[in-house]
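Given next are the chains, with one letter for each unit.
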Amino acid sequence: MRNLKFKFLLPVAAFMLAIAAAFASQDDGKEEMALVQGYIYQNGVCVPHGKCDLSSTATCTDNTGRIVFGKNGPTSCSLPLFMNWQP
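Just so you know, these numbers come straight off a predicted model, no measurement behind them. (Residues numbered from 1 in each chain as written. Predicted model: local features only at pLDDT ≥ 70, side-chain atom pairs only at ≥ 80, totals over all residues. Heavy atoms only, no water.)

## Examining the overall build of the protein chain
Operational definition: A run of H or I in DSSP counts as a helix once it spans at least four residues, and a run of E counts as a strand once it spans at least two, with each numbered from the N terminus. Only protein chains enter the area calculation, which uses a 1.4 Å probe; residues under 20% of their type maximum are buried, those over 50% are exposed, and those in between are partly exposed. Residue contacts are counted whenever heavy atoms from the two residues lie within 4.5 Å of one another. Shrake-Rupley sampling with a 1.4 Å probe provides the accessible areas, and residues are treated as covered by the protein chains on show and by no other component.
Helix and strand content of the protein chain: 1 helix and 4 strands. Ordered by position in the sequence, the α and β elements of the protein chain form the string α-β-β-β-β. For the protein chain, buried positions account for 17% of its 87 residues. Contacts spanning at least 24 positions in sequence make up 45% of the contacts within the protein chain whose residues lie at least 6 apart. Counting only carbon and sulfur atoms, one obtains 63% of the accessible surface of the protein chain, whose full area is about 6900 Å².

## Quick word on a nonpolar patch on the surface
As a reminder, the rule being used: Patch rule: a residue counts if its relative accessible area is over 30% and it has no salt bridge; like charges are joined within 9 Å, and nonpolar side chains (Val, Leu, Ile, Met, Phe, Trp, Tyr) within 5 Å. Whenever a carboxyl oxygen of Asp or Glu lies within 4 Å of a side-chain nitrogen of Lys or Arg, that contact is scored as a salt bridge.
A cluster of nonpolar side chains, Phe-8, Leu-9, Val-12 and Met-16, forms an exposed patch at the surface whose accessible area comes to about 420 Å². Here Val-12 is to be found in helix α1 (residues 2-24). Residue classification places Val-12 among the partly exposed residues on the basis of a relative accessible area of 36%.

## Thoughts on the side chain of His-49
Where we set the bar: Distance and chemistry together define a polar contact, namely a pair of N or O atoms within 3.5 Å, with one atom able to donate a hydrogen and the other to accept it when in protein, and with adjacent residues in sequence counting only for side-chain atoms on both sides.
Its place among the elements puts His-49 in strand β2 (residues 45-53). We classify His-49 as buried; its relative accessible area is 17%. Among the polar contacts listed, one links the side chain of His-49 to the side chain of Asp-62, at a separation of 2.7 Å.

## Notes on the pairing of strand β1 (residues 35-42)
Filter applied, for reference: Each pair of strands is called paired provided DSSP finds at least two bridges between the two strands.
Where β1 lies against β2, 7 bridges are found, and the strand directions are antiparallel. Across the sheet, residue Tyr-39 finds its bridge partner in β2, namely Pro-48.

## Describing the confidence of the model for the protein chain
Rules: A score between 0 and 100, pLDDT records how confident the predictor is in each residue.
Looking at the protein chain as a whole, its pLDDT mean stands at 77, while 83% of the residues score no less than 70. The least confident element of the protein chain is strand β4 (residues 79-80), whose mean pLDDT is 76; the most confident is β2, at 83.

## Some thoughts on the state of the cysteines
Convention followed: When two cysteine sulfur atoms lie within 2.5 Å, the pair is treated as a disulfide.
A complete count under the given rule lists 2 disulfides for this structure. Put simply, Cys-46 and Cys-77 are joined by a disulfide, and their sulfur atoms are 1.9 Å apart. Judged by the sign of its S-S torsion, about -95°, the bond between Cys-46 and Cys-77 is left-handed. Of this pair, Cys-46 sits in strand β2 while Cys-77 sits in the loop between β3 (69-70) and β4, and the two are 31 residues apart along the sequence. Across this residue pair, the class does not change: Cys-46 and Cys-77 are buried. Note on cysteine connectivity: Cys-52 is disulfide-linked to Cys-60, with sulfurs 1.9 Å apart. Judged by the sign of its S-S torsion, about -60°, the cystine formed by Cys-52 and Cys-60 is left-handed. A relative accessible area of 0% places Cys-52 in the buried class. Look at Cys-60 and you get buried, because its relative accessible area is 0%.

Right under this line is the structure:
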């Protein structure tokens, strides 16, 4: 009788452990949104202007509709940034 319980409980315990491990290893789907310094062109110079994240596909614009870029060099700011502009 004891051997029968062991043969039944061991696979059940292994199955329960597998289910628990499957739920524990799932990603919650939330990505880290790193904010990047945004710049606008003003009189031919890159001027810091709020921050944008890199998680969307729409171009980052401020509340007045100006496109906000990221800096891709010491003097050039033409790197495209994406939505969720923050002042």
